[in-house]
Amino acid sequence: MAAVYKSLSKSTSKNDKEIDDGKNGAAGGVRKNKQRVLILSSRGVTYRHRHLLNDLAAMLPHGRKDVKFDSKSKLYQLNELAELYNCNNVMFFEARKGKDLYMWFSKVPNGPTVKFHAQNLHTMEELHFTGNCLKGSRPVLSFDATFETEPYLKVIKELFLHVFGVPEGQRKSKPFIDHVMGFSVADGKIWIRNYEIREVDKVKGEGEEEEGDKSNKKRKHEEKETDVSLVEIGPRFVLTPIIIQEGAFGGPIIYENKRFISPNQVRSDLRKAKAGRHNVRQEQQRDALARRRGLGLVDGEGKERDVLDTREVFA
């Protein structure tokens, strides 16, 4: 009976505590940040796109990775999928023609939705990234001051805070902060980097050792001096904003990047320029052949004789 009484008293005290916490929250207490991100891709992604998706999923302990999404036109179905998995953010990788990658960031269910074109993708597995961090640790999000200059950049900043910011006390997160995610704006693009915060004890010289020993005897409880540096972990990529929609994968377009040029248009211009050079070479070859024929220098074709030529007159 004593064990039963103890268990019942624990359950009642726990329920009373939850009710009190709810009242305090309703009265203006600390509001808990609850964010979950649904991460998925379309069909046709390349190995580099897949590795980038896996790296971002490993960095986000509040994310949920799902299987590939079949449709590329009915993106509004992602809202139902996010609600099914109890997610309020969506990160969708859309692959086009096996080479172009478009990234969609959306806030479900009311929006907004931002579409980006991703370029210069580098994953964690590349050898020139020597940094490392604890899996599941919370990052420091560092934004460039340019994000406060334009209204559309403020919207993108707030969306990135919800997607990449790991909530405190998340189930799979670790209570450590050992890396920084940097977001900077340059040339109309958003450059995203991920760095490790590396702390190394300062190394003293030979002459400083004796003085250091004396000072250490006097100051035993002082903290050690450390050098703080940033080492890139990866992944790194560049995002070009294309459009911002008011709703979640739908609604009116509230921003459109007029300076964005589609990669299809770029490839078309390159093909036309290459075809133009080919046409110029063909015309030059035809002109040269016509001149050689006029001079009778083409094999098998002699120069046409004039009527007043001596060989015609005295034939």
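Above: the structure in question.
Residues numbered from 1 in each chain as written. Predicted model: local features only at pLDDT ≥ 70, side-chain atom pairs only at ≥ 80, totals over all residues. Heavy atoms only, no water.

Enquirer: Give a detailed account of the pairing of strand E5 (residues 113–122), specifying residues and quantitative values.
Expert: Within E5, seven of the ten residues are buried, which leaves the element mostly enclosed by the surrounding structure. Note: strand E4 (residues 100–107) against E5, six bridges, orientation antiparallel. Within E5, the position partnered with Trp104 by the bridge is Lys115. Once E4 ends, the chain turns through five residues before running back antiparallel as E5, passing Gly111 with a positive phi of about 90 degrees. (Buried < 20%, exposed > 50% of the residue type's maximum accessible area, 1.4 Å probe, protein only. Helix = DSSP H or I, 4+ residues; strand = E, 2+ residues; numbered from the N terminus. Pairing = 2+ DSSP bridges.)

Enquirer: Quick one: what's the story with unusual backbone geometry, residue by residue and with numbers?
Expert: Across the junction of Val108 and Pro109, the peptide omega takes the value 5 degrees, indicating a cis bond. Within the secondary structure, Pro109 sits in the loop between E4 and E5. Here Gly234 and Pro235 are connected by a cis peptide whose omega angle stands at -5 degrees. Tracing the backbone shows Pro235 in the loop between strand E9 (226–232) and strand E10 (236–245). Positive phi values are uncommon outside glycine, yet Asn86 reaches one of about 60 degrees. Asn86 gets classed as exposed once you look at its relative accessible area, which sits at 61%.

Enquirer: Pulling in residues and values, what's your account of the packing of aromatic side chains?
Expert: Enumeration according to the criterion identifies twelve aromatic pairs in this entry. Judged by centre distance (5.8 Å) and plane angle (25 degrees), the rings of Phe116 and Phe160 are stacked. Taken as a pair, Phe116 in strand E5 and Phe160 in helix H4 (residues 151–164) lie far apart in primary sequence, 44 residues in all. The exposure class of Phe116 is buried, given its relative accessible area of 0%. A relative accessible area of 0% means that Phe160 is categorised as buried. Ring centres of Phe164 and Phe183 lie 5.6 Å apart, and the angle between their planes is 50 degrees; on these two criteria the pair is classed as tilted. (Phe/Tyr/Trp six-rings, centres within 6.5 Å; stacked < 30°, edge-to-face > 60°.)

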